[in-house]
Amino acid sequence: MSLNSQQLTQIQTKGIRWIEPAAIGLARTGGAGPTDHKAFSFESQTSMIPVFNEQIQRSPFSAKFSDDSTQVLIFEDDKLIDKASIPGRPKFYDLESADGIPYWKVATLHSKDVLATTVLQECVRYRNRDTSCQFCAIEESLKAGKTIARKTPELLAEVARAAVELDGVTQMIMTTGTPKTLDRGAAVLVESAAAVRRVVDIPIQAQCEPPDDDIWFQRLKDAGVDALGMHLEAVSDRVRKAIMPGKATVPIGRYMSAFKAAVEVFGKGNVSTYILAGLGDTEDEIVAMSLQLIELGVYPFVVPFVPVAGTPLANHPMPDATMLDRIFSQLGPALYHKGITSESLKAGCAKCGACSSLKSYEKQTVEQQFTEKELAHG
């Protein structure tokens, strides 16, 4: 019993209803993404599945623990379709700093072995709806007391070392709200990455908007950053201006020049971008931009949009799974043939692959190639 790529896409776009909500265990609500999700580990992949928003109550997929609580049973319309395990609470969550800050307020476990942190939990665009990204909930976890506004380099290093030593975390992702400075967060990521790499050898992806000067890419690399994410979210000016008016003031042309410059520093595939399918871009627009990025050596991490409570898009529909299946069926082979796959990346969201089923379409391409070679040789 194993989910195929198409089934996983269906689940990520429709979500899973938890039959016994009180027993849901470790999950993420509010804050920077992925949020309102829960990690499910299937045979070969851990996936972040939406479990909290209101639309999920209409999903045909549901889950509950097995009678002995060792597995999670996944149902489609009451038919058992797979079994999964769920990552437990990490040991580092039980620790706190010398001045009493719980480690779980500094960084969180994503998927099953990824440490993630938002270095600056405030964004210059967030509090004004004329400039904010309408899908973003970056400051909601701060308002709820689930995190702190600024994680110092020393504190991040302390938590990262504990997560590696106690829980076997294999990579770290550092994102940030956008500050008022022209480097758009690159400077705080430089000092944060340098501090972590001084105490623990862990691959790091940094994420920020394109800085004003390409020199920041080399500075990030020199600080110990292995991969860089600069997230478009939407690929057309039409949607960018409607959904994220502040961020749209950084034109797509600057993203493209930044991508090219960053690939020269970090290497093919180790620069990536999030694309949220379902915000309003057409299927053709997403595919065209993604193929253009792949040619540049950038990994287009296409992810189904998941509405988050407390944002203007809380009731926005989730994307159509068949559309995503068609997109992924084109991008999986394109990535494979370009030599850019999740397995080849050093760090980052695309390497983890938990927030999108795109990774499984890469593997599907590999399996098809292997089968074709077998048939050719009789």
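Residues numbered from 1 in each chain as written. Predicted model: local features only at pLDDT ≥ 70, side-chain atom pairs only at ≥ 80, totals over all residues. Heavy atoms only, no water.

Participant: Explanation requested: the overall build of the chain in the structure shown.
Facilitator: What the chain contains, in helices and strands, is eleven helices and 13 strands. Taking 2.2 N^0.38 as the reference for a compact globule, 378 residues should give roughly 21 Å; the C-alpha atoms of the chain span a radius of gyration of 20 Å, in line with that estimate. Across its three principal axes, the chain shows a C-alpha extent of roughly 55 × 45 × 45 Å. Per-residue burial over the chain gives 58% buried out of 378 residues. A separation threshold of at least 6 residues defines the contact pool for the chain, and within that pool the share at least 24 residues apart is 71%. Summed over its atoms, the accessible surface of the chain is roughly 15700 Å², and 51% of this surface lies on carbon and sulfur atoms. Taken as two groups, the 40 positive and 46 negative side-chain charges of the chain have centres that lie 3 Å from each other. (Helix = DSSP H or I, 4+ residues; strand = E, 2+ residues; numbered from the N terminus. Rg over C-alpha atoms; globule rule 2.2 N^0.38 Å. Buried < 20%, exposed > 50% of the residue type's maximum accessible area, 1.4 Å probe, protein only. Contact = heavy atoms within 4.5 Å. Areas by Shrake-Rupley, 256 points an atom, 1.4 Å probe, with all protein chains shown as cover. Lys, Arg positive; Asp, Glu negative; His and termini not counted. Charge placed at Lys NZ, Arg CZ, Asp CG, Glu CD.)

Participant: How should unusual backbone geometry be read in this particular structure?
Facilitator: Excluding glycine, a negative phi dihedral is what most residues carry, and trans is how most peptide bonds are arranged. Residues other than glycine seldom take positive phi values, yet Asp78 does so here, at roughly 75°. With respect to the helices, strands and loops of the structure, Asp78 is situated in the loop between β5 (72-76) and β6 (79-84). One non-glycine residue, Ser111, lies in the positive phi region at around 50°. Position of Ser111 among the secondary structure elements: in the loop between β7 (108-110) and β8 (114-118). By relative accessible area, Ser111 is classed as buried at 7%.

Participant: Is there a simple way to think about the packing of helix α5 (residues 215-222) against helix α7 (residues 252-266) in this case?
Facilitator: How two helices sit against one another is set out by the angle between their axes and by the gap between those axes. With their axes 9 Å apart at the nearest point, α5 and α7 run at an angle of 35° to one another. For the pair α5 and α7, the crossing hand works out as right-handed. Facing Phe217, Gln218, Leu220 and Lys221 of α5, the residues of α7 in contact are Arg254, Ala258, Ala261, Ala262, Val265 and Phe266. Counted by class, the contact of α5 with α7 contains seven nonpolar, one polar and two charged residues. (Axes fitted to C-alpha atoms, helices over the stretch in contact; angles between N-to-C directions. Left-handed = near helix turned anticlockwise from the far one by under 90°. Nonpolar A, V, L, I, M, F, W, Y, C, P; charged D, E, K, R; others polar.)

Participant: What is the right way to read helix α9 (residues 321-338) from this model?
Facilitator: Residues separated by three or four positions in an α-helix point in the same direction, a consequence of the helix having 3.6 residues per turn. Between its terminal C-alpha atoms α9 stretches 25 Å, which fits the 26 Å expected from 18 residues at 1.5 Å a residue. Once α9 ends, the next one or two residues include Gly339, with phi positive near 80°. (Expected span 1.5 Å × (residues − 1).)

Participant: When you look at the packing of aromatic side chains in this model, what are you seeing that I'm missing?
Facilitator: Describing an aromatic ring pair means giving the distance of the ring centres and the angle of the ring planes. Tallying each qualifying case throughout the model produces seven aromatic pairs. When the centroid spacing of 5.5 Å and the interplanar angle of 80° are considered together, the rings of Trp18 and Phe65 count as edge-to-face. In this pair, Trp18 is assigned in strand β1 (residues 17-18) and Phe65 in strand β4 (residues 61-65), connecting sequence segments 47 residues apart. Ring centres 6.1 Å apart and planes at 55° place the aromatic pair Tyr255 and Phe259 in the tilted group. Of this pair, Tyr255 and Phe259 both sit in helix α7, four residues apart, roughly one helical turn. Looking at Phe259, the relative accessible area reads 0%, which means it is buried. An aromatic cluster is built from Trp18, Phe40 and Phe65, whose rings are joined through pairwise contacts. (Phe/Tyr/Trp six-rings, centres within 6.5 Å; stacked < 30°, edge-to-face > 60°.)

Participant: I keep staring at the sheet that holds β5 and nothing clicks. Help me out?
Facilitator: Hydrogen bonds between backbone atoms are what pair the strands of a sheet, whose relative direction is either parallel or antiparallel. In space, the four strands of this open sheet follow the order β1-β4-β5-β6, with mixed pairing throughout. Looking at strand neighbours, the two that pair on one side only are β1 and β6, the edges of this open sheet. The sheet contact formed by β4 and β5 spans five bridges and is antiparallel. When the bridges of β5 are listed, Phe61 appears paired with Glu76. (Pairing = 2+ DSSP bridges.)

Participant: Mind showing me how you'd approach the pairing of β5 here?
Facilitator: Successive side chains on a regular strand alternate, one facing one side of the sheet and the next facing the other. Most of β5 sits inside the fold, with four of its five residues counted as buried. The antiparallel pairing of β4 with β5 creates a hairpin that spans six residues between the two strands, and Ser69 there sits at a positive phi of about 65°. Bridge count for β5 against β6 is five bridges, and the pairing is antiparallel. Along β6, the bridge assignment pairs Glu76 with Lys79. Two successive antiparallel strands, β5 and β6, enclose a turn made up of two residues, where Asp77 displays a positive phi of approximately 50°.

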